[in-house]
Amino acid sequence: MRDFYEILGVSKNASEEQIKKAYRKLARKWHPDINPGNKEAEQKFKEISMVYDVLGKPEKRKLYDEFGEDGLQSGFDSEKAREYKKWGGFQQNRGDREGKDRDFGRYQSYEDIFKDINGDGENFYHEYGDLYGSRSITGHDIEYDMEIDLVSALKGFETELSMQKQKICTECRGIGVEPHGQEGLCLNCGGTGKVNVAQGPMKFTRTCPQCGGKGKTGKPCSRCNGSGFFVDTERIRVNIPQGVKEGSRVRIAGKGEPGMGGGRPGDLYLIIHIKPHPFLKRDGDHLFMEVPVSVGEAMAGGTIMIPTLDGQVNLKIPPQSQSGQTLKLKEKGPVDAKTKKKGDLFVKIIVKVPKTKNSEILNAAKNMDKYYTEDIRAGIKL
């Protein structure tokens, strides 16, 4: 019996964050993209993905902790299972007293019991990848880091991504064997289609997980080398919404890893990273910009043109403006991706002096000093 906690390398009382961290570490190590053509890595990746699908979800983890892998089956009735456990304990004590094993009344096999508990005995074990049950499994989500410039993030845009993705093999449909190849005797069950299972004093059989109860196995699929999957390039059209921030997660439904047993595929999440802009910065719901002005514009005032997300606009510079002074343009900032409200644009004035050695200009600048009515460095102290 496999220990899911041991497979992820965590303790049974591990937190959700510890389980998630352990899965990500192993997923990076065994991912098929990192180990192309390595069948062992593919099997390892599928196993840890299946385990995380259980331990990463509180309800499934609770069932696994109480019933093991049996509790993960589609239609599993936990109440009936608990009653069976009580009955099994009673029968074991009775069997100990009588000195012999007892069967379970009308139940003759392991699957018969779970016809009542799961409602499905014939397909109790999934034949692919040793995944138990006929239940469908949703594919895992994929995270993809995407770097974009600030203006594109503020305005939103459409683009096309080219990604290497794992897909279900179209030749064998994910089973892993040649669909029209020659079949051979299943070595796991000796051709019987059943394997023995011991539970307490009662002996049961279950469907062979290797051959799905057929008693025969086929040649590994030449397209996917028996893994049931292959890596292919997919071009995905995505829409980056207006106003996304650093670290935003943009969801593209159904573009994650393929599901198993007819399960739907996972989702693709684009993790947005924004490149710094030379003179524009976002802080929360607002934008900040530094704009240079001349000495004359700062002293006498005037109107200048500045770029915004809505195009060029006029900005009025008040007379006697100081370098570092900030002016506000209402609702000229970014759009909030959730509320759709617009923030403001704050413009910081930076006074630029001319770079010249012209004596007339230099003398005029010196003459300006007499118009300072106070010591401009009076507050500079340590």
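Relevant structure appears above.
All residue numbers refer to position in the chain's written sequence, counted from 1. Totals for whole chains, interfaces and linings use all residues, but because this is a predicted model, local features are given only for residues with pLDDT of at least 70 and pairs of side-chain atoms are given and counted only at 80 or more. Just so you know, side-chain values use all the structure's heavy atoms and leave hydrogens and water out.

## Observations concerning the overall build of the protein
Thought 1: Summing up its helical and strand segments, the protein has 9 helices and 15 strands in all.
Thought 2: Relative to its 382 residues, the protein shows a buried fraction of 38%.
Thought 3: By definition, residues are in contact when any of their heavy atoms lie within 4.5 Å. For the protein, long-range pairs separated by at least 24 residues make up 62% of all intrachain contacts whose partners lie at least 6 apart in sequence.
Thought 4: When the accessible surface of the protein is split by element, carbon and sulfur atoms take 48% of a total near 23,200 Å². The way it works is that DSSP assigns letters per residue, a run of H or I at least four long becomes a helix, a run of E at least two long becomes a strand, and they are numbered from the N terminus. Partly exposed residues are those whose accessible area sits between 20% and 50% of the maximum for their type, while under 20% is buried and over 50% is exposed, using a 1.4 Å probe and protein chains only. In these tables, accessible area is a Shrake-Rupley quantity obtained with a 1.4 Å probe, and a residue counts as shielded only by the protein chains included in the view.

## Topic: the sheet that holds strand β9 (residues 268–275)
Thought 1: Pairing is mixed across the open sheet formed by 3 strands, whose spatial order is β1-β9-β8. Whereas interior strands pair on both sides, the edge strands pair on one side only; in this sheet they are β1 (142–149) and β8 (249–252). Averaged over all neighbouring strand pairs, the angle between strand axes comes to 30°, with direction disregarded.
Thought 2: Criterion used throughout: strands pair if DSSP finds at least two bridges between them. Where β8 meets β9, 4 bridges bridge the pair, whose relative direction is antiparallel. Bridge pairing links Val250 to Leu270 in β9. Lines fitted to the C-alpha atoms define the axes, with helices restricted to the stretch that makes contact. Angles between their N-to-C directions range from 0 to 180 degrees.

## Section: the sheet that holds strand β10 (residues 280–283)
Thought 1: The 4 strands are arranged β10-β11-β15-β14 in an open sheet whose pairing can be described as mixed. Where the open sheet ends on each side, the last strands, each with one partner, are β10 and β14 (326–329). Sheet twist, expressed as the average angle between the axes of neighbouring strands with direction ignored, equals 30°.
Thought 2: Pairing geometry for strand β11 (residues 286–294) and strand β15 (residues 345–352), over 8 bridges, is parallel. Counterpart to Phe288 in the pairing with β15 is Phe346.

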